[in-house]
Amino acid sequence: MCGKWCTLLLHICLVAGEYYTAGVVEFRPDIAGATSAQLLEDNLSAYLELITLANGTTDIIVFPEATLNSLLQLTAVPQPNATHSLCHQTTGASSATGEFMQQLACAAVQANTYLLFNVKEREDCEHSDLDCPTRGYRVYNTNVAIDRSGAIVSRYRKWNLYLEPQLNRTATPEFGIFETDFNVTFGHFVCFDMLFYTPAQELVERFNIRNVIVTKMFNSELPFLTASQLQQGWAWANNVNLLAAGASLPHGGISGSGIYAGRGGALARRMVGNATEGVRQLLLARVPHSPDDPLDDVTFDEERTGPEQLQLLMLQQPQLEEFNSWQVQLGDEQQQQQQRRLCHTDLCCDFEWSLESEAPQTKHFDYDYVYRVGVFVGRRRYEEAQYSVVRLCGLFACRNASVESCGQLREATAAENRELQLPRFNTLRVSGEFVQRSRRQLMPSTLSVSLYALQATELLWSVADATRVQLQLHKPHSHLLTFGIYGNYFEDEEDEEEEEEEKEVPSHNCGTALATSATVVMAGLLLLSLLLQQQ
């Protein structure tokens, strides 16, 4: 059961209007210590309790990637059919559709809500099929959307797999789209998809989807790709409502959920960064049908400058030494305006800032972090032909003067009891000339020591002539980890011609393990081995 692990965070706007009530779940799955059947039962019980906890107030609830069934408890997922309720379907030992699917469908009926959750799906195939595995069935990482009647209204099979050799892809990309009875059309995808044009960006640009759902099991990476940064930045860049449900395993660097109203900012969010055990928490928010609607009556999450979170085990941006960077001087003249211009290949960025020490007696060597400003252009390659070109410029925190220490949280003892010592940025402006490409995404990438992105009330963003991008602080800030502009170029014409010459940088994985972390890979293999022994 969910028990003491279930909590409820509610942000409800009481003013009537064109809104819907959404819930996303930050969920700690049971992944060891029992048979695969028992683990599924425990996770399902927690799901059902969280649905009940919403007390019939939601229009839709979203659960994360890879937190329900395992490869040992596969289920079929029937074709979407809005006229056929899965709740009223007969299931049993002979049914390919797992009984837990029916239980969730009936929970949707009872709670009068839409549900979206993620499963490991089995699809039987004929050996005569060219792409049929020798085992006689395909396995997909699948999102399932169920309406208030218990009918499956959408099914999406993850397209961008990474280090998931046991899973299959469809012959062509699918697009998860479904309409609702509250006049909102959703598009949805899974974790790693968010870094690619297809299907994530294509849902927005091709299908004009303004309400997007993502299920995630995401390993955060400093200084530019923590879960909070990416979710809030992606929603901002596309100016869409985003419902992001994340798995909660902070000891493995996995946490991060939220509800975002485009460039309005976060309505509700959760990063578990000061604990080694995850949570099971339902976040609720009243969401405008469109982020373009007036937001005066919407309740936003607070500006989270603290408390500091230090226990989330995160990855580090690879090849930081490839950045053209410069250490910010924290000397006697720190209250004066300072500036720096840095270039890397085709990107030049300007940095301007003024600092003020909150403790005048504190010298720069006493600060808990030092800062660098940097510029980077490079290719991030994933599996096979999957890649994008990253262009970024920003300010980021480091443990010490070495570049290798950047993108690492400071070390603190359990007995430490003192205030964090950081300079205050009275002003900070980052701007750059980002080349125009047909498929690119430019977003603010900001982070405080709380491991949350800065809210819209804390920054100003502008784009001129499609290339000149500027990000600046709207008010002084004394708890910064990152403040920059992140450009994801899905197709880069010049880069395609020089593919062999570009640097290749390993990147994230969602839902399994990361190529950049051999220990995580080994942990995943060990876990699967244990489960097999327990079955």
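In this report, the structure presented in the accompanying data block is examined. Computed from a prediction, not measured in an experiment: that's the story for all the values here.

## Considerations on the nonpolar core
Here is step 1 of the chain: Phe189, Trp234, Leu242, Phe351 and Phe425 are the most contacted members of the largest nonpolar core, which totals 88 residues.
Here is step 2 of the chain: If one sorts the elements of this core by residue count, strand E20 (residues 387-398) sits on top with eight residues.
Here is step 3 of the chain: Setting aside chain neighbours within four positions, we find Phe351 in contact with Gln338, Gln339, Arg340, Leu342, Val373, Gly374, Val375, Cys393, Gly394, Leu395, Arg429 and Val430.
Here is step 4 of the chain: Among the nonpolar cores identified, the runner-up in size contains 30 residues, and Phe27, Tyr47, Ile61 and Ala105 belong to it.

## Describing the pattern of salt bridges
Here is step 1 of the chain: By the definition in use, this model includes 30 salt bridges.
Here is step 2 of the chain: Taking the shortest distance from any N to any O, the salt bridge between Asp346 and Arg391 comes out at 2.8 Å. Taken as a pair, Asp346 in the loop between strand E17 (338-344) and strand E18 (347-357) and Arg391 in strand E20 lie far apart in primary sequence, 45 residues in all.
Here is step 3 of the chain: In this structure, Arg429 and Glu352 form a salt bridge, with 2.6 Å as the shortest nitrogen-oxygen distance. With a gap of 77 residues between them, Arg429 in strand E21 (residues 423-433) and Glu352 in strand E18 connect regions that are remote in the sequence.
Here is step 4 of the chain: The class for Arg429 is buried, based on a relative accessible area of 18%.
Here is step 5 of the chain: Among the residues examined, Glu352 registers a relative accessible area of 23% and is labelled partly exposed.

## Points about helix H2 (residues 99-111)
Here is step 1 of the chain: Between its first and last C-alpha atoms H2 spans 18 Å; for 13 residues at 1.5 Å apiece the expected length is 18 Å, and the two agree.
Here is step 2 of the chain: Along its buried surface, H2 packs onto helix H1 (36-53), strand E4 (114-124), strand E5 (137-146) and strand E6 (152-157).
Here is step 3 of the chain: Positive phi appears at Asn112, one or two residues downstream of H2, with a value of about 55 degrees.

## Details of the sheet that holds strand E12 (residues 257-261)
Here is step 1 of the chain: Overall, mixed pairing links the six strands, which are arranged E7-E8-E9-E11-E12-E13 in an open sheet. The open sheet has two edge strands with one neighbour each: strand E7 (176-179) and strand E13 (266-270). Neighbour to neighbour, the strand axes of the sheet diverge by 15 degrees on average, direction disregarded.
Here is step 2 of the chain: The pairing of E12 with E13 spans four bridges and is antiparallel. Paired with Ser257 across the two strands is Arg270, which belongs to E13.

## Focus on the state of the cysteines
Defined simply, a disulfide is a covalent bond joining two cysteines at their sulfur atoms.
Here is step 1 of the chain: Overall, the coordinates contain five disulfides when judged by the stated rule.
Here is step 2 of the chain: Bridging Cys125 to Cys132, the disulfide has an S-S length of 2.0 Å. The sign of the 75 degrees torsion about the S-S bond sets the Cys125-Cys132 disulfide as right-handed.
Here is step 3 of the chain: Here Cys125 falls in the buried class, since its relative accessible area comes to 12%.
Here is step 4 of the chain: Here Cys398 pairs with Cys406 through a disulfide, and the sulfurs are 2.0 Å apart. The sign of the S-S torsion, about 80 degrees, decides the handedness of the disulfide formed by Cys398 and Cys406: right-handed. Like Cys406, Cys398 is buried.

## Focus on the environment of Ala244
Here is step 1 of the chain: Among the secondary structure elements, Ala244 is positioned in strand E11 (residues 241-246).
Here is step 2 of the chain: Look at Ala244 and you get buried, because its relative accessible area is 0%.
Here is step 3 of the chain: In sequence terms Ala244 and Val62 are 182 residues apart; their C-alpha atoms lie 7.7 Å from each other.
Here is step 4 of the chain: Non-local contacts of Ala244, meaning those with residues more than four positions away in its chain, are made with Val24, Val214, Gln231, Ser257, Gly258 and Tyr260.

Rules of the game
Residues numbered from 1 in each chain as written. Predicted model: local features only at pLDDT ≥ 70, side-chain atom pairs only at ≥ 80, totals over all residues. Heavy atoms only, no water. Core = buried A, V, L, I, M, F, W, Y, C linked by side-chain atoms within 4.5 Å. Buried < 20%, exposed > 50% of the residue type's maximum accessible area, 1.4 Å probe, protein only. Helix = DSSP H or I, 4+ residues; strand = E, 2+ residues; numbered from the N terminus. Contact = heavy atoms within 4.5 Å. Salt bridge = Lys/Arg side-chain N within 4 Å of Asp/Glu carboxyl O. Expected span 1.5 Å × (residues − 1). Pairing = 2+ DSSP bridges. Axes fitted to C-alpha atoms, helices over the stretch in contact; angles between N-to-C directions. Disulfide = S-S within 2.5 Å.

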